[in-house]
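If you want the building blocks of each chain, they are given just below.
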Amino acid sequence: MTTFPRSWPWWRWALTVLSALAFALSSYLSLHYLMGGSVIGCSGGSACEEVLSSRWSAIGGVVPVSGLAAGTYLAILLASFFIGPATPAPDRRLAWSAMLILAAAAAGSAVWFIIVQKWIVGALCPYCIATHITGLLLAALIIWRAIIRYGDIADGSRPNRGSISGAAHTGTAPISTNRAAIAAAAGNPSSADPRPVIGLVPGISLTIIGLALAGTIAVLQFRIAPRAVYRSGRSIASLPVIDPHAVPLVGSPDAPYVVTLLFDYNCPHCQKMYAMLEESISRYNGKLAFALCPAPLNSQCNPYVAQDTEQFKDSCELAKIGLTVWRADREAFAAFDRWMFSPQPGERWRPRALDAAKAKAIELMGQAKFDAARADPWIEQYMQTSIRTFGDTIQNGNAVPKLVFGSRWVTPEPRDADELISILHDSLAVPLP
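Residues numbered from 1 in each chain as written. Predicted model: local features only at pLDDT ≥ 70, side-chain atom pairs only at ≥ 80, totals over all residues. Heavy atoms only, no water.

**Student:** With reference to specific residues and values, describe the state of the cysteines.
**Tutor:** As enumerated under the stated definition, the model contains one disulfide in all. Bridging cysteine 301 to cysteine 316, the disulfide has an S-S length of 2.1 Å. Between cysteine 301 and cysteine 316, the S-S torsion sits near -85°, and that sign places the bridge as left-handed. Remark: cysteine 316 occurs in helix H11 (residues 315-328) and cysteine 301 occurs in the loop between strand E6 (288-294) and H11; sequence separation between them is 15 residues. For cysteine 301, a relative accessible area of 12% puts it in the buried group. (Disulfide = S-S within 2.5 Å. Helix = DSSP H or I, 4+ residues; strand = E, 2+ residues; numbered from the N terminus. Buried < 20%, exposed > 50% of the residue type's maximum accessible area, 1.4 Å probe, protein only.)

What follows is the structure, encoded as structure tokens:
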């Protein structure tokens, strides 16, 4: 049982609103994980998509952390309806205890996943951050009410001191609607108890239990290797056939296994995987190569991108510059490509600016060769071939990098060359080296 909502104090309304908001946000993210598709405002390759598609979005690649969060916040929301003075003391104390444990777990997890986004994934998801901040505020409110403040007094059960004082002087009983007195008369004397709802020592113990649960989730994410494949499938459409002797390539065009790599020069995942290509090719002793197909995540040249973001505003032009370099000087292209995906000295990798990329291209081949190659119609034709391949392999999202071999495709997230080779074999049926 609980009191009629109109009689709730402000903090109970705040608790209900915060827990409902956190539940709604985490449920939406969980639905995205389970059903696929793009989150509103998070186009393929954006920072938001990068976080939601990372291996850290699930435990063991199976249980979405957003689903655990949704269950936690739903339990807090339900328990919040059983903390009023009309609820029997044992049930009320149980509800507060459960909320303390769950709120501490939510707060600890929020801190952990903020760290993951900022320093491990290197991108921030607005939906995730909003959920984490909501969880931290909710935890602070619950700890404040359960341990520090006197919960029942806050519900309006403070004895009417003026009435008591008047009774002492007049010798008559005060006429009062004091809820504590009414509750005590109704057989619930604990409602008039001025002690905290939980108490300091038990409250701290319950909070520590919740933080331990959050720590367990963090440990599980490290101990249980998450899947290295985000999405995979087969294309129903007939994919364009690429001549490895006529396109940009990492490896030998005579390799028996040529895997198409769809990428964007502004994509952090692409940069991470690019660093694994040469080692993977070395493991195959020259039998593996990657055909580089630019698939810019910008609707100016890629109609399959539903919503543009600032991060990819120059992706179309960067792709054209790269193809211009390859068309003019294939040896210079290898140097240009490595430069585009190499970290800048003393810093983490960041996408190269459009002006810097153009200057580098001209430095490698000269202005005259660059200008002559830029007008070559092959550049636009190959861009369209790459984009068609991108469109024919879209399923529940349009993220890159994407690997295509035959009719099979996969959006990978390998940690090293070993995982990349496993993905090639398990998802694309490329024979092992």
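The rest of the description comes next.
**Student:** Quick rundown of the side chain of serine 109? Include the residues and the values.
**Tutor:** Relative to the helices and strands, serine 109 resides in helix H4 (residues 89-121). Among the polar contacts made by the side chain of serine 109, one reaches the main-chain carbonyl oxygen of alanine 105 at a distance of 2.9 Å. Apart from the residues within four sequence positions on either side, serine 109 is in contact with Ala214 and Ile217. (Polar contact = N/O pair within 3.5 Å; in protein donor to acceptor, adjacent residues only side chain to side chain. Contact = heavy atoms within 4.5 Å.)

**Student:** So what's going on with the pairing of strand E8 (residues 408-412)? Which residues, and what values?
**Tutor:** Burial analysis of E8 places four of its five residues in the buried class, the great majority of the element. In this structure, strand E7 (residues 402-405) lies alongside E8, joined through three bridges in antiparallel fashion. From the neighbouring strand, valine 404 faces E8, where its bridge partner is tryptophan 409. In this antiparallel pair of consecutive strands, E7 and E8, the connection spans two residues, and glycine 406 shows a positive phi of 65°. (Pairing = 2+ DSSP bridges.)

**Student:** So what about the packing of aromatic side chains? Which residues, and what values?
**Tutor:** Aromatic ring pairs are reported here in terms of the distance separating the ring centres and the angle at which the planes meet. Across all of its chains, the model carries 18 aromatic pairs by this definition. Ring geometry for tryptophan 11 against tryptophan 96: centres 5.9 Å apart, planes inclined by 35°, an arrangement best described as tilted. With tryptophan 11 in helix H1 (residues 10-35) and tryptophan 96 in helix H4, this pair connects stretches of sequence that are 85 residues apart. Judged on exposure class, the residue tryptophan 11 and its partner tryptophan 96 are both buried. One aromatic cluster is present, formed by Phe263, Tyr265, Tyr274, Phe336, Trp339, Phe341 and Trp349 through successive ring pairs. A cation over a ring is seen here: arginine 145 above tryptophan 144, with NZ or CZ 4.6 Å from the ring centre. Lysine 402 extends its terminal NZ or CZ atom over the ring of phenylalanine 390, reaching a point 5.1 Å from the ring centre. (Phe/Tyr/Trp six-rings, centres within 6.5 Å; stacked < 30°, edge-to-face > 60°. Lys NZ or Arg CZ within 6 Å of the ring centre and 35° of its normal.)

**Student:** Describe the layout of surface pockets, and please don't skip the residues or the numbers.
**Tutor:** Here the largest pocket is characterised by a volume of approximately 520 Å³. If you go around the largest pocket, you meet 29 residues; those closest to its centre are Val65, Ser66, Ala69, Phe113 and His132. Elements with a minimum of two residues in the lining of the largest pocket: H1, helix H2 (47-52), helix H3 (65-79), H4, helix H5 (126-148) and helix H9 (200-223). The element best represented in the lining of the largest pocket is H4, accounting for nine residues. Taken together, the residues that form the lining of the largest pocket break down as 19 nonpolar, ten polar and no charged. Of the volumes computed, that of the second largest pocket is approximately 310 Å³. Mapped onto the lining of the second largest pocket, the elements with two or more residues apiece are H2 and helix H10 (268-283). Top element by residues in the lining of the second largest pocket is H10. It accounts for three residues. Here the residues of the lining of the second largest pocket are counted per class, giving six nonpolar, four polar and four charged. (1 Å grid on protein atoms, 1.4 Å probe; cavity = no way out; pocket = protein on both sides within 12 Å on 5 of 7 lines; lining within 4 Å. Points joined across faces, edges and corners; volume = space filled by probe spheres on them. Nonpolar A, V, L, I, M, F, W, Y, C, P; charged D, E, K, R; others polar.)

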